[in-house]
Amino acid sequence: MHCELCKKNQATIHIQEIIEGKKKALHICTECAAKKSHDDSILKGFNLAEMLYNLTGQMEFPFVNDEAAQIPGDPQVLLSCHSCGWDSDKFRKTGRLGCSNCYSAFKELLDPALKNMHRGTLHVGKKPGGGASNESGRLMLELMNLQKELEELVQREEYEKAAVIRDKINKLKKQMKE
Amino acid sequence: MRNDKSGIDRLLSNRVSWLADSGPEDDIAISSRIRLARNIEKTPFPMAASVEILENTLSIIMHAVRKSASFPDVIEFELEKVSDLERRLLLERRLISRELLACKKGSGLSVSKDETFAVMINEEDHLRIQAMKPGFQLHEVWSDINGIDDALSREIPYAFDSEIGFLTSCPTNIGTGMRASVMLHLPGLALSGQINAVVHGVSKLGLAVRGIFGEGSDNLGNLFQVSNQSTLGESEEQIIDKLINVIRQIINHEKNARQTLLEKKQNFLLNHVGRAYGILKHAYTISSEETLNSLSALRLGVDMGMFSSVDIHVVNELFLTVQPAHLQKYAMRELESADREIYRAALVREKLRNIDSRN
């Protein structure tokens, strides 16, 4: 398939948007994508590197949303990782990090991006070798869910159920203090 | 190391469990898959690692998989040493990613004979552990892969941070490092024009929906994969439970759509299925697109009881074996596009030879 813009190169980037149920597709080459990424509405919010990554990366590792694809911070300032030599420029271009230590080396770039990408900022899943990580984080999450549930029940005036949830919350709070 | 021609032949001669076996709700949910991204501590991620490091990690990981005895009958591939065609076969079988098609030094694959478990080595992360089962059974897949992950972590020290979890090359995977997905066949929603609304709704919930057959080829075969996007801030079980809730709703929508078609547009439905069946059974040349869409219609017909003697798993396997690399393996030679269409039609006719239609 040829690029829809220059009609010369092979189209290697395929973008599909669904807006209010209407599908819009664009098949273009890398060069035109680079040129267009600043002004074309369908490309706005996409980071080219991320799109390329999405293609070569494979189907199963999607980017979370448009905001997440934007790596914040001043591109003029070059941060680098003393451990593996990776720098913030490479990170912007590839969307990937060089080693575990990069997470602290690029913390100021990463923290806001992580907030956009994920539902939370603290790991509450398993840890190596089994067992739950962050017992306190897990309890905190449970507490937040219960509080939300309580609010909804009170709004619906289901006071009996709300009382049960309130007791659970109190018990959980006590548990967290221990 | 058993890493010769026989590796791929051993894979091909075994049934692919997630396509060929039965699973819960497999009329709509074809398979459930979970993959975990893991890295070895104090070692640069593959993208920043030297060839030496990559070769070292490859042998460490392959050894760990063997030693942990997590995989019954493990088959190993050093991707550098296998042919182009074989790499494409592995891609079509969902065992390696598109990224590993380009021959990359130090990358590999350890896979169980029935393809239920696999570890892709030195792709974006040092390890991408994958488990798959037929039908809709994410909890069971989680239980399996969780055990494998524990066993491997006893052999390999993982890169892990107590606050942000498993450390991955791409920050979209940190935390659990888990991507859970279910492959759904949704012809009812597609035929009744509701599929875009469903896709849109699901993406609003922070989940990803995509066609199975790559970019630009949306909706081919009406096969979709629904997966989680967020990997940090929730436990594995919470992520899976949410995904299951949404997928259950999609399955119900699909069932309703099929029922409505049957009640209100019966002739349209019968015609759609019958024509597809005729084409598959009698064509002598057929494109990939027409095959996948016709297979989707045939699968719908089978689910709705319109064919007495067809095994749904034969149709499932055809979705895989009509793809280009598999066809070339079947033909035992490289095929130009036009030749592929002839071989594809022949393969489909052969597989459908013994099917009777009830309508």
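These figures come from a predicted structure and were not determined experimentally.

### As for the overall build of chain A
- A tally of regular secondary structure across chain A gives eight helices and two strands.
- The linear arrangement of helices and strands in chain A, starting from the amino end, is β-β-α-α-α-α-α-α-α-α.
- The burial tally for chain A puts 38% of its 178 residues in the buried class.
- In chain A, the share of contacts with a sequence separation of at least 24, taken over all contacts with a separation of at least 6, comes to 31%.
- As displayed, chain A has an accessible area near 10400 Å², and 51% of this comes from carbon and sulfur atoms.

### Points about the pairing of strand β10 (residues 223–228) of chain B
Residue and element names in this part refer to chain B.
- Among the six residues of β10, six are classified as buried, and the element is accordingly described as predominantly covered.
- Where burial is concerned, the two faces of β10 agree: the one with Leu223, Gln225 and Ser227 and the one with Phe224, Val226 and Asn228 are both buried.
- Looking at chain direction, strand β8 (residues 178–185) and β10 are connected through five bridges and run antiparallel. Bridge assignment links Met183 to a residue of β10, and that residue is Gln225.

### Some points on the sheet that holds β10 of chain B
All names here are of chain B.
- Spatially, the eight strands line up as an open sheet ordered β2-β3-β4-β5-β1-β8-β10-β9, and their pairing is antiparallel. Of all the strands in the sheet, the pair left with one neighbour each is β2 (74–78) and β9 (207–211). In this sheet, adjacent strand axes meet at a mean angle of 20° when their direction is disregarded.
- Bridge count for strand β4 (residues 117–121) against strand β5 (residues 127–134) is five bridges, and the pairing is antiparallel. Considered in β5, the bridge of Ile121 is made with Leu127.
- Here helix α3 (residues 51–68) sits on the sheet in contact with β2, β3 (108–112), β4 and β5, set at roughly 175° to β2.
- Sitting on the sheet, helix α5 (residues 138–155) is in contact with β1 (29–38), β4, β5 and β8, with an inclination near 25° to β1.

### Considerations on the packing of helix α8 (residues 236–264) of chain B against helix α9 (residues 266–282) of chain B
Residue and element names in this part refer to chain B.
- Their axes nearest at 5 Å, the elements α8 and α9 cross at an angle of 110°. With respect to each other, α8 and α9 are oriented roughly perpendicular. Every residue of α9 that contacts α8 at Leu261, Leu262 and Lys264 is listed here: Gln266, Phe268 and Leu269.
- Taken together, the residues of the contact of α8 with α9 sort by class into four nonpolar, one polar and one charged.

### Thoughts on the environment of Ser235 of chain B
Residue and element names in this part refer to chain B.
- Note that Ser235 resides in the loop between β10 and α8.
- Exposure remark for Ser235: the relative accessible area of 3% places this residue in the buried category.
- Linking Ser235 and Met178, residues 57 residues apart in sequence, is a C-alpha distance of 9.8 Å.

### Remarks on the environment of Thr172 of chain B
Residues and elements named next belong to chain B.
- Among the structural elements, Thr172 can be located in the loop between β7 (165–166) and β8.
- Overall, Thr172 belongs to the buried group, its relative accessible area being 2%.
- Taking C-alpha positions, Thr172 is 7.2 Å from Thr231, a pair spaced 59 residues apart along the chain.

### A word on unusual backbone geometry
All names here are of chain B.
- With a phi angle near 55°, Lys42 is a residue other than glycine that sits in the positive phi range.
- Residue placement: Lys42 occurs in the loop between β1 and α3.
- Judged by its relative accessible area of 77%, Lys42 is exposed.
- A positive phi angle, close to 55°, is found at Asn122, a residue other than glycine.
- Note on placement: Asn122 falls in the loop between β4 and β5.
- Assessed through its relative accessible area of 0%, Asn122 is described here as buried.

### Comments concerning the packing of helix α11 (residues 312–321) of chain B against helix α13 (residues 337–352) of chain B
Residues and elements named next belong to chain B.
- Contact geometry of α11 with α13 gives a least axis separation of 11 Å together with a crossing angle of 165°. As judged from the angle between their axes, α11 and α13 are roughly antiparallel. For the pair α11 and α13, the crossing hand works out as right-handed. Taken together, the residues of α13 that come into contact with α11 (itself represented by Val314, Leu318 and Thr321) are Leu347, Val348, Lys351 and Leu352.

### As for the confidence of the model for chain B
- Of all residues in chain B, 95% attain a pLDDT of 70 or more, and the chain-wide mean is 91.
- Two summary scores accompany this predicted model of the complex, namely pTM at 0.78 and ipTM at 0.84.

### Some details on the packing of aromatic side chains
Residues and elements named next belong to chain B.
- In the structure shown here, the tally under the stated rule is six aromatic pairs over all chains.
- Between Phe160 and Phe166, the aromatic rings sit 4.9 Å apart at their centres with planes inclined by 65°, giving edge-to-face as the arrangement.
- Measuring from ring centre to ring centre gives 4.7 Å for Tyr277 and Phe307, while their planes differ by 55°; the resulting arrangement is tilted. Of this pair, Tyr277 sits in helix α9 while Phe307 sits in the loop between α10 (288–303) and α11; the two residues are 30 residues apart in sequence, bridging distant segments of the chain. Like Tyr277, the residue Phe307 is buried in the burial classification.

### So, the nonpolar core
Residue and element names in this part refer to chain B.
- By size, the foremost hydrophobic cluster in this structure holds 50 residues, and its most contacted members are Ile34, Val119, Leu127, Ile129, Leu152, Leu184 and Ile250.
- With nine residues, α8 is the largest single contributor of residues to this core.
- If sequence neighbours within four positions are ignored, Ile250 has contacts with Leu184, Leu186, Leu189, Val198, Val202 and Val226.
- Judged by nonpolar contacts, the second largest core, of 38 residues, contains Phe213, Leu298, Leu300 and Met306.

### Some details on the pattern of salt bridges
- For the structure on display, the rule yields 33 salt bridges over all chains.
- Of the charged contacts in the structure, one is a salt bridge between Asp73 of chain B and Lys113 of chain B, with a shortest N-O distance of 3.8 Å. Of this pair, Asp73 of chain B sits in the loop between α3 and β2 while Lys113 of chain B sits in the loop between β3 and β4, and the two are 40 residues apart along the sequence.
- With relative accessibility at 29%, the residue Lys113 of chain B sits in the partly exposed group.
- The network of salt bridges with common partners includes Arg96 of chain A together with Glu99, Lys104, Glu123, Glu124, Asp125 and Arg128 of chain B.

### Some remarks on α13 of chain B
All names here are of chain B.
- Taking 1.5 Å of rise per residue, 16 residues should cover 22 Å, and α13 covers 23 Å from first to last C-alpha, within 8% of that figure.
- For α13, every residue scored as buried is listed here: Arg344, Ala345, Leu347, Val348 and Leu352. Down the axis of α13, the buried side of the element spans an arc of 165°, and every buried residue falls inside it.
- In this structure, the buried residues of α13 make contact with α9, α10, α11 and α12 (324–331).

About the criteria used
- Per chain, the residues get numbers from 1 upward, laid out in the order the sequence is written.
- Naming scheme: in the order in which they are written, chains are lettered from A and ligands are numbered from 1.
- Only residues with pLDDT of at least 70 are given local features in this predicted model, and only at 80 or more are side-chain atom pairs given and counted; all residues enter the totals for whole chains, interfaces and linings.
- The side-chain numbers reported here are obtained from all heavy atoms of the structure, hydrogens and water having been left aside.
- Helix numbering and strand numbering both begin at the N terminus, where a helix is a DSSP run of H or I of at least 4 residues and a strand a DSSP run of E of at least 2.
- Here's how the labels work: a residue is buried when its accessible area is under 20% of the maximum for its type, exposed when over 50%, partly exposed in between, all with a 1.4 Å probe on protein chains only.
- The criterion used for residue contact is that any of the two residues' heavy atoms lie within 4.5 Å.
- In short, Shrake-Rupley with a 1.4 Å probe defines the accessible areas, and a residue's cover is counted only from the protein chains shown.
- Strands are labelled as partners when DSSP assigns at least two bridges between them.
- Geometry is summarised by axes, namely lines fitted to C-alpha atoms with helices restricted to the contacting stretch, and by angles between N-to-C directions that run from 0 to 180 degrees.
- Throughout, the term roughly parallel applies to angles under 35 degrees, roughly antiparallel to angles over 145, roughly perpendicular to angles from 65 to 115, and oblique to all others.
- Basically, the charged four are Asp, Glu, Lys and Arg, the nonpolar ten are Ala, Val, Leu, Ile, Met, Phe, Trp, Tyr, Cys and Pro, and anything else, Gly included, counts as polar.
- Each crossing is labelled by how the near helix is turned from the far one, with a counterclockwise turn of less than a right angle marking it left-handed and a clockwise turn marking it right-handed.
- Every residue carries a pLDDT, the predictor's confidence in it, which falls somewhere between 0 and 100.
- Pairing of aromatic rings covers Phe, Tyr and the six-membered ring of Trp, with a centre-to-centre limit of 6.5 Å; geometry is then stacked below 30 degrees between planes, edge-to-face above 60, and tilted otherwise.
- Definition used in this section: a nonpolar core is a set of buried Ala, Val, Leu, Ile, Met, Phe, Trp, Tyr and Cys residues joined via side-chain atoms within 4.5 Å.
- Any Lys or Arg side-chain nitrogen located within 4 Å of an Asp or Glu carboxyl oxygen qualifies as a salt bridge.
- For a helix, the expected span equals 1.5 Å multiplied by the number of residues minus one.
- Think of the arc as the fan of directions from the helix axis to the C-beta atoms.

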